[in-house]
Amino acid sequence: MMDDVRFQSMVEWLRQHHNQENAEKMERYMQGLFSFIGLRSPERRNLTKNFIQLFHDMTMDECKPFILKLWELPEREFQNIALDILGKKQQQLDASHIDLIEYLIIKKPWWDTVDTIASHLVGTLFFKYPELIESRGEKWLSSDHMWLQRTMILFQLKYKEKTDETLLFANIKHTMHIEQFFIQKAIGWSLREYSKSSPASVLHFIESHPLSNLAKREGLKYMQRKGRNMDG
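Residues numbered from 1 in each chain as written. Predicted model: local features only at pLDDT ≥ 70, side-chain atom pairs only at ≥ 80, totals over all residues. Heavy atoms only, no water.

Draft legend 1. A look at the packing of helix H8 (residues 131–142) against helix H9 (residues 146–154). Contact geometry of H8 with H9 gives a least axis separation of 7 Å together with a crossing angle of 125 degrees. Between H8 and H9, the angle is such that the two are oblique. In contact with Ile133, Gly137, Trp140 and Leu141 of H8, H9 contributes Leu148, Gln149, Thr151 and Met152. Of the residues that constitute the contact of H8 with H9, the class distribution is five nonpolar, three polar and no charged. (Axes fitted to C-alpha atoms, helices over the stretch in contact; angles between N-to-C directions. Helix = DSSP H or I, 4+ residues; strand = E, 2+ residues; numbered from the N terminus. Parallel < 35°, antiparallel > 145°, perpendicular 65-115°, else oblique. Contact = heavy atoms within 4.5 Å. Nonpolar A, V, L, I, M, F, W, Y, C, P; charged D, E, K, R; others polar.)

In structure tokens:
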């Protein structure tokens, strides 16, 4: 079981593994938005596997205070550890956790955390509780918050043939006018993933809507690559 003493010991112990060279590279890659200890993902997961195991028998409500503490720490590795924990507890998420998930999207947002939250955590919640799409998701989509909007474009990434095509295309049409790289990239990514399940629908959508060049290019990648492989 996790407690405050064990939690703080983990934080201090992980910071002892600071790698200045890696940290500087990571900070440059993330445009100086976050500080880093300098741990690459495999090393971080190896160093924290025993720590994360302590959450195994805890309920989501028991985990929540520690997830929030991890989110408040300055080094980006701690937000990634929080997502590692949530990944292990993913099937325990219920509708009551939507406020926590929204907080994690809007607090310290960048693609590295938001995309994991969108495609795994929000994807799981919205699939289990589709009523949340209307009660919360529509507010996200209509907000001026880019990362909430990106979440609504991406949350069906793992759905494959279970994708709600009407909803996906409606979310894209709602956001395709937004001249923001992370929105346009998300549109293309979501179309590319869905093209693996329904290429004809995606191709028709791309051809019949005024999408940005970036969104079109990303959306067509899989179909073009598959076509070249078939031709070869």
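Draft legend 2. Expanded view of H9. Counted residue by residue, H9 has nine buried out of nine residues, so it is predominantly covered. The inward-facing, buried residues of H9 contact helix H6 (98–106), helix H7 (111–128), H8, helix H10 (165–175) and helix H11 (181–195). (Buried < 20%, exposed > 50% of the residue type's maximum accessible area, 1.4 Å probe, protein only.)

Draft legend 3. Inspection of the environment of Arg76 at higher detail. Along the chain, Arg76 falls in helix H5 (residues 76–88). Along the primary structure Arg76 and Ala23 are separated by 53 residues, whereas in three dimensions their C-alpha atoms are 10 Å apart. Setting aside residues up to four positions removed in sequence, Arg76 forms contacts with Phe34, Ser35, Phe36, Lys108, Pro109, Trp110, Asp112 and Thr113. Here Asp112 takes part through its side chain, which lies 2.8 Å from a polar atom of the side chain of Arg76. (Polar contact = N/O pair within 3.5 Å; in protein donor to acceptor, adjacent residues only side chain to side chain.)

Draft legend 4. Representation of helix H1 (residues 4–15). Relative to the 16 Å expected for twelve residues at 1.5 Å per residue, H1 spans 17 Å between its end C-alpha atoms, a close match to the ideal helical length. The set of residues buried in H1 consists of Phe7, Met10, Val11 and Leu14. Down the axis of H1, the smallest arc covering the buried residues is 100 degrees, so these residues share one side. The inward-facing, buried residues of H1 abut helix H3 (41–53), helix H4 (60–72) and H5. Where H1 begins, one side-chain oxygen reaches toward the backbone nitrogen of Val5, 3.2 Å away; that side chain belongs to Asp3. (Expected span 1.5 Å × (residues − 1). Arc of directions from axis to C-beta.)

Draft legend 5. Layout of unusual backbone geometry. Phi is positive for Gln31, which is not a glycine, with a value near 60 degrees. Along the polypeptide, Gln31 turns up in the loop between helix H2 (20–29) and H3. Judged by relative accessible area, Gln31 falls into the exposed class, the value being 60%. With a phi angle near 55 degrees, Lys160 is a residue other than glycine that sits in the positive phi range. Turning to its location among the elements, Lys160 is positioned in the loop between H9 and H10.

Draft legend 6. Structural context of the side chain of Arg192. Its place among the elements puts Arg192 in helix H11. When residues no more than four places from it in sequence are discounted, the contact partners of Arg192 are Glu218, Gly219, Lys221 and Tyr222.

Draft legend 7. The arrangement of the pattern of salt bridges in detail. Tallied over the full model, the rule gives 13 salt bridges. Asp115 serves as the salt-bridge partner of Arg150, at 2.8 Å between the closest nitrogen and oxygen. Here Asp115 lies in helix H7 and Arg150 lies in helix H9, a separation of 35 residues in the sequence. Exposure class is identical for Arg150 and Asp115. Each is buried. With a shortest N-O distance of 2.8 Å, Arg192 and Glu218 are connected by a salt bridge. Of this pair, Arg192 sits in helix H11 while Glu218 sits in helix H13 (residues 213–231); the two residues are 26 residues apart in sequence, bridging distant segments of the chain. On the basis of relative accessible area, Glu218 is assigned to the buried category, the value being 5%. What emerges from the salt-bridge pattern is a single network uniting Lys185, Arg192, Glu218 and Lys221. (Salt bridge = Lys/Arg side-chain N within 4 Å of Asp/Glu carboxyl O.)

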